[in-house]
Amino acid sequence: MPTACSTRSPARRSAEPIAAAALAVLTAAAAMPARADGLIAYRIVDAAIPVSLTGQPGDATRGRAIVANRQIGLCVLCHSGPFPELRFHSDLAPDLTGIGSRMSEGQLRLRVVDASHANPSTIMPSYYRIDGLTRVTPALRGKPLLDAGQIEDVVAYLKTLRE
Ligand code: HEC
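Conventions used here
Residues numbered from 1 in each chain as written. Predicted model: local features only at pLDDT ≥ 70, side-chain atom pairs only at ≥ 80, totals over all residues. Core = buried A, V, L, I, M, F, W, Y, C linked by C-beta atoms within 7 Å. Buried ≥ 20, exposed ≤ 12 C-beta atoms within 10 Å, placed from the backbone. Helix = DSSP H or I, 4+ residues; strand = E, 2+ residues; numbered from the N terminus. Contact = placed C-beta atoms within 7 Å. Near = placed C-beta within 6 Å. Nonpolar A, V, L, I, M, F, W, Y, C, P; charged D, E, K, R; others polar. Axes fitted to C-alpha atoms, helices over the stretch in contact; angles between N-to-C directions. Parallel < 35°, antiparallel > 145°, perpendicular 65-115°, else oblique. Left-handed = near helix turned anticlockwise from the far one by under 90°. pLDDT = per-residue confidence, 0-100. Expected span 1.5 Å × (residues − 1).

J.: Would you take a moment to explain the nonpolar core for this structure?
T.: One broad rule of soluble globular proteins: the nonpolar side chains tend to lie buried together. Formed by 24 residues in total, the largest nonpolar core has its most connected members in Val112, Val113, Ile151, Val154, Val155 and Leu158. Taken together, the elements giving at least two residues each to this core come down to helix H2 (60–67), helix H5 (105–113) and helix H6 (148–159). Ranked by the residues each element gives to this core, the list is headed by H6, at seven residues. Discounting chain neighbours no more than four positions away, the residues touching valine 112 are Tyr127, Ile151, Val154 and Val155.

Written out as structure tokens, the structure is:
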């Protein structure tokens, strides 16, 4: 008599993704208390930020668009990399080709969030930081250069740059 089972199991199965999604939202909310400045709090462990700022993996395609864009990411003002469509490559900073093999995801995240952590006198902007910055144009005061979702997209893209 399989009737009882066969009617109940599809219902249970369809509830699982919803429960999983709810759990993911709750876990993400618990992991990321907002700070007084409105930015998501993060923890630095061994010169890395191991946990996604948004609690989700970023989107590498969107990340590439940010990195290769001269207005949003600005990365290519200083870095060269695997961007054949860009005609002028800068060599102010290390080439990003293969960076996903040289740095862990957490190291990449910290570098983009707060480059000054590794090098206090770096010329690289700290993309997810609003305190302690000098030379910020008034229009950008109080806002990070990239929001948490954009940071994760950039990290997802940098991770794909493997040699
Ligand atoms: C104004 C110049 C500048 C901009 C803009 C810039 N960087 Fe950098 N970046 C540097 C410099 C210089 C270094 C070398 C280390 C240092 O001095 O901090 C560096 C280091 C790095 C590193 C470590 C590289 C290594 O081989 O150790 C990564 C990863 C990185 N940048 C990613 C990015 C990304 C992604 C962006 C854009 C979101 C970006 N950078 C924007 C100047 C810049």
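J.: Sorry, what's going on with the site of the ligand here?
T.: Taken together, 25 residues are adjacent to the ligand, and Cys75, Cys78, Ala93, Thr122 and Met124 come closest. Secondary-structure elements contributing two or more residues to the shell around the ligand are helix H3 (75–78), helix H4 (99–102), H5 and H6. Classifying every residue of the shell around the ligand gives 19 nonpolar, four polar and two charged.

J.: I tried to follow the packing of H5 against H6 on my own but got confused; where do I start?
T.: Between two packed helices, the angle of one axis relative to the other and the distance separating the axes together describe the packing. Where H5 contacts H6, the axes come no closer than 9 Å and their chain directions differ by 135°. When the axis of H5 is compared with that of H6, the two are oblique. Seen from above, H5 lies across H6 with right-handed handedness. Mapping the contact onto sequence places Glu105, Leu108, Arg109, Val112 and Val113 in H5 and Ile151, Val154, Val155, Leu158 and Lys159 in H6. Along the lines of polarity and charge, the residues of the contact of H5 with H6 split into seven nonpolar, no polar and three charged.

J.: How do you make sense of the confidence of the model for the protein when you look at a structure like this?
T.: Atomic detail in the predicted coordinates should be set aside for any region of low pLDDT. Predicted confidence across the protein gives a mean pLDDT of 83, with 73% of residues reaching 70 or more. For residues 1–7, every residue scores under 50 in pLDDT, and the model assigns this stretch zero contacts once sequence neighbours within four places are set aside.

J.: I tried to follow H6 on my own but got confused; where do I start?
T.: Relative to the 16 Å expected for 12 residues at 1.5 Å per residue, H6 spans 17 Å between its end C-alpha atoms, a close match to the ideal helical length. Burial within H6 is extensive, with 11 of its 12 residues counted as buried. Within H6 the residues assigned to the buried category are Ala148, Gln150, Ile151, Glu152, Asp153, Val154, Val155, Ala156, Tyr157, Leu158 and Lys159. On its buried face, H6 is in contact with H2, H4 and H5.

J.: Which parts of the structure should I look at to understand unusual backbone geometry?
T.: Non-glycine residue aspartate 46 carries a positive phi angle of around 50°. Classification of aspartate 46 by C-beta neighbours within 10 Å gives exposed; the count is 9. Even without being glycine, alanine 47 reaches a positive phi, approximately 55°. Looking at the secondary structure, you find alanine 47 in the loop between helix H1 (3–31) and H2. Judged by C-beta crowding, with 12 C-beta atoms within 10 Å, alanine 47 ranks as exposed.

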